[in-house]
Number of protein chains: 2
Amino acid sequence: MVSRRNFLRAAVSLAAAGACGGLVRPARASALPLRLSWYPYELKLRHLFGVAGNSRTTTQGVQVRLEYEGITGYGEASMPPYLGESAASVQEFLSRVDLSPFRDPFEMEAILDYVDRIAENNAAAKASIDIALHDLVGKLIGQPWYRIWGYSAEKTPATFYTIGIDTPEKVTEKTKEAPAFPILKVKLGRSPKEDKEMVTAIRSVTGRAIAVDANQGWPEKTLALDMIEWLAEEGCVLVEQPMSKHRPDDIAWITARSPLPIMADESLQRLWDIPVLSGVFSGINIKLMKCTGMREAKKMITAARTLGMKVMIGCMTETSCAISAAAHLSPAADWADLDGNLLIANDPFDGAGVSETGKLLLPDRPGIGAVPKPDAPGEHAVG
Amino acid sequence: MVSRRNFLRAAVSLAAAGACGGLVRPARASALPLRLSWYPYELKLRHLFGVAGNSRTTTQGVQVRLEYEGITGYGEASMPPYLGESAASVQEFLSRVDLSPFRDPFEMEAILDYVDRIAENNAAAKASIDIALHDLVGKLIGQPWYRIWGYSAEKTPATFYTIGIDTPEKVTEKTKEAPAFPILKVKLGRSPKEDKEMVTAIRSVTGRAIAVDANQGWPEKTLALDMIEWLAEEGCVLVEQPMSKHRPDDIAWITARSPLPIMADESLQRLWDIPVLSGVFSGINIKLMKCTGMREAKKMITAARTLGMKVMIGCMTETSCAISAAAHLSPAADWADLDGNLLIANDPFDGAGVSETGKLLLPDRPGIGAVPKPDAPGEHAVG
């Protein structure tokens, strides 16, 4: 594997050497085409996964491969049902992707612009190609993306560890069993009584910091602000999406008065949403499956920082493929909520890890650094 | 040169291979330090260079080298006198830079953050390090920056070609002698009579498009708008900085009514200026020597696009070193004004080129792709 990669890199560098002293003129030499393939892969959850309004035991996923000159880039689409994509819709989208006009995988901006224009929405499907392309190009370059982007691996934050909604007894139990990560995440947004019971149950066993995702659940701004003030006293560090995305004025009212940063989740999908949100929220939660992938996510970090907003990198239930992709961006984030791979029982990849205290550990391998496990179901690729 | 580069790349890839399967932990192996050196280099102009308010025959510059494991990155500071930096101030700044705590040139974000915090301002001095670091890291990666960034070399715009302020007779003569670039740039901002004489002189010999830089020269908004409307009828495509940077309300008034895009030049220095300018101008003119270099310039493009602004990449009087650095960003710009190297008589580098019709041709060499000419005064490096 390694020697083959080095051989291929040497071939690429000889090609570059051939052009040494030259200037790029419009006519480009042709090369082998990019080959896209995929297969559906259902993620099995370790525990029942509950958020305000639904719960489930599996998540649909599609694993993607992008091959070029014998090198494979890995990508993934993860589709929680509430976002409108399915294994069927992702595969339908992927079947419409024609990469044959592109001869050079390095033309990522042009390739991903083309993919984005095939159809509206389909963000997870688009992200699967973006991740596979980044993995491929990183391997051609011979470097992991955090290094290509100029980030320092030491600057990764610790990931949150999610405690699912449950009875106070179960929450107490889950909290006792949680690994020693510095910030626990809880999904609230039910009644004030139930929400406070959740936090009180956690507080009965630990003084650790808590990040709250209200999942649009609070119906009224003064009630939301009361909850946030209470949460601040209980050692919470941020609140995601306190109210419906259809109530930006109420959220702006809350943000202006909140003792905690108020982060956009459901209100945010893509880069172009950020200027509109800059007066509404304190920061944004970027998820690859909502924003079409690493390339746009990187731009979103820049846009948010330019507008003085805080940044958190989040995820869906994903394998270590998409989690590793997101982890490369985490040195530029204030917080990371990248425990999606820890919650599934059938992760087919090795990739980014976590230290005992939750700090994200970036793979030093080229590309996104996710490697299929020996028993991964990778041989029955279709498409 | 080529075989040595390949050897070094192989060494880098072996190091990466050694870490294969590993995750990056905080303690990093030490390596040879980065070595910074520099020498002043005065640029001699081919022609007297006139803008509203001053003219000169030379520009001060400082050439920078950043060495690491036998590879040299080249950088440059160019200091037109009106921006407050000089060869002395740049050298004083560079002498304060201590890169010894940094062991890995890939940690560009951390290195350039450190450089930026050494002192306020000094943007050209900071840019010289940024360019040299990009050149070095691009060489370590083995790819030109436009490829690392995912841009397509075919998407470069044509550069403007500047016609300096002069008598109508001289302007007619200069226009006849100008190369066949599609957009000529003129620096106006004097009286309406003089400005119209300039444009009329150009129009007497060519119908080519004209880009106008008013250099803050028009004193009053209705006069400026009248000029812009006249210029639109004369086939102008954009106007830079119609009025003083101290009159943003007047400029916003003009932009709201202008038939041409109004671009920020003197009003803009760095990334953080862009949100403030988004209601004032149609777009921004990014110059490496004002914004501290390639890294921030790349972020400025993202920020401007997010806010719906147009982008132009400009330059000072610079050698092919800094021009090549800027050219790698040009595929993401609407316009490029990168003829600074064409205006000097003693360019010590070969780098980005132009086709007969002005289209920027990007070097296919790793890094910024600028190579010292055989007779370049590179041996007397100090510092």
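Residues numbered from 1 in each chain as written. Chains lettered and ligands numbered in written order. Predicted model: local features only at pLDDT ≥ 70, side-chain atom pairs only at ≥ 80, totals over all residues. Heavy atoms only, no water.

Peer 1: Looking at this structure, I do not really get the pairing of strand β10 (residues 283–287) of chain A. What am I missing?
Peer 2: Remark: a regular strand shows side chains that alternate across the two faces of the sheet. Residues and elements named next belong to chain A. The buried fraction of β10 amounts to five of the five residues, a majority that puts the element mostly inside the structure. Alternating residues of β10 divide into Gly 283, Asn 285 and Lys 287 and Ile 284 and Ile 286, and every residue in both groups is buried. Sheet topology places strand β9 (residues 262–264) next to β10; two bridges connect them, and they run parallel. The partner of Met 263 across the bridge, within β10, is Gly 283. As judged from the five bridges shared by β10 and strand β11 (residues 310–314), these two strands associate in the parallel manner. Across the sheet, residue Lys 287 finds its bridge partner in β11, namely Gly 314. (Buried < 20%, exposed > 50% of the residue type's maximum accessible area, 1.4 Å probe, protein only. Helix = DSSP H or I, 4+ residues; strand = E, 2+ residues; numbered from the N terminus. Pairing = 2+ DSSP bridges.)

Peer 1: Looking at this structure, I do not really get the confidence of the model for chain A. What am I missing?
Peer 2: Close reading of the predicted structure is inappropriate where its pLDDT is low. Residues and elements named next belong to chain A. In this model, chain A carries a mean pLDDT of 90, and residues with pLDDT of at least 70 account for 89%. This stretch, residues 1–20, has a pLDDT under 50; its non-local contacts, to residues over four places away or in other chains, come to 25 contacts. Taken as a whole, residues 379–383 scores under 50 in pLDDT and shows 10 contacts with residues more than four places along the chain or in a different chain. With pTM at 0.90, the complex prediction returns an ipTM value of 0.88. (pLDDT = per-residue confidence, 0-100. Contact = heavy atoms within 4.5 Å.)

Peer 1: I keep staring at the packing of aromatic side chains and nothing clicks. Help me out?
Peer 2: Note on aromatic pairs: each is described by the distance of the centres and the angle between the planes. Counting across every chain of the model gives 10 aromatic pairs over all chains. Residues Tyr74(A) and Phe349(A) carry aromatic rings whose centres are separated by 5.5 Å and whose planes lie at 70° to one another, so their mutual orientation is edge-to-face. In this pair, Tyr74(A) is assigned in strand β4 (residues 71–79) and Phe349(A) in strand β13 (residues 349–350), connecting sequence segments 275 residues apart. According to the relative accessible area criterion, Phe349(A) is buried, its value standing at 5%. An aromatic cluster is built from Trp145(A), Trp149(A) and Tyr151(A), whose rings are joined through pairwise contacts. For Arg147(A), the ring lying beneath its charged end belongs to Phe106(B), and the centroid distance is 3.9 Å. (Phe/Tyr/Trp six-rings, centres within 6.5 Å; stacked < 30°, edge-to-face > 60°. Lys NZ or Arg CZ within 6 Å of the ring centre and 35° of its normal.)

Peer 1: Can you walk me through the sheet that holds strand β11 (residues 310–314) of chain B in this structure?
Peer 2: By definition, the strands of a sheet pair up through backbone hydrogen bonds, in either a parallel or an antiparallel sense. All names here are of chain B. Spatially, β5-β6-β7-β8-β9-β10-β11-β12 is the arrangement adopted by the eight strands of the open sheet, whose pairing is parallel. The strands lining the two open edges of the sheet, one partner per strand, are β5 (161–163) and β12 (335–336). As judged from the four bridges shared by strand β7 (residues 209–213) and strand β8 (residues 236–240), these two strands associate in the parallel manner. Within the sheet, the bridge partner assigned to Asp 213 lies in β8 and is Glu 240. Sitting on the sheet, helix α7 (residues 192–203) is in contact with β5, β6 (183–187) and β7, with an inclination near 160° to β7. (Axes fitted to C-alpha atoms, helices over the stretch in contact; angles between N-to-C directions.)

Peer 1: I keep staring at helix α13 (residues 320–327) of chain B and nothing clicks. Help me out?
Peer 2: Residue pairs three or four apart in sequence face the same way in an α-helix, which turns once every 3.6 residues. Residue and element names in this part refer to chain B. The buried fraction of α13 is high, at eight of eight residues. Buried residues of α13: Ser 320, Cys 321, Ala 322, Ile 323, Ser 324, Ala 325, Ala 326 and Ala 327, and no others. The distance from a side-chain oxygen at the start of α13 to the backbone nitrogen of Cys 321 is 3.0 Å, and the residue carrying that oxygen is Thr 319. (Polar contact = N/O pair within 3.5 Å; in protein donor to acceptor, adjacent residues only side chain to side chain.)

Peer 1: Please explain a negative patch on the surface as it appears in this structure.
Peer 2: Together, Glu220(A), Asp226(A), Glu229(A) and Glu233(A) make up a region of like negative charge exposed at the surface. You can see Asp226(A) is positioned in helix α8 (residues 221–233). (Patch = residues over 30% accessible without salt bridge, like charges linked within 9 Å, V, L, I, M, F, W, Y side chains within 5 Å. Areas by Shrake-Rupley, 256 points an atom, 1.4 Å probe, with all protein chains shown as cover. Salt bridge = Lys/Arg side-chain N within 4 Å of Asp/Glu carboxyl O. Lys, Arg positive; Asp, Glu negative; His and termini not counted. Charge placed at Lys NZ, Arg CZ, Asp CG, Glu CD.)

Peer 1: When you look at the pattern of salt bridges in this model, what are you seeing that I'm missing?
Peer 2: Working definition: two side chains of opposite charge can pair if their charged atoms are close together. Residues and elements named next belong to chain B. Enumeration over the complete set of coordinates arrives at 40 salt bridges over all chains. A salt bridge links Glu 197 to Lys 193; its shortest N-O distance comes to 3.1 Å. In this pair, Glu 197 and Lys 193 both sit in helix α7, four residues apart, roughly one turn of the helix. For the salt bridge of Asp 265 with Lys 287, the shortest nitrogen-to-oxygen distance reads 3.1 Å. Placement of Asp 265 in the loop between β9 (262–264) and α10 (274–277) and of Lys 287 in strand β10 (residues 283–287) is noted, with a sequence separation of 22 residues between them.

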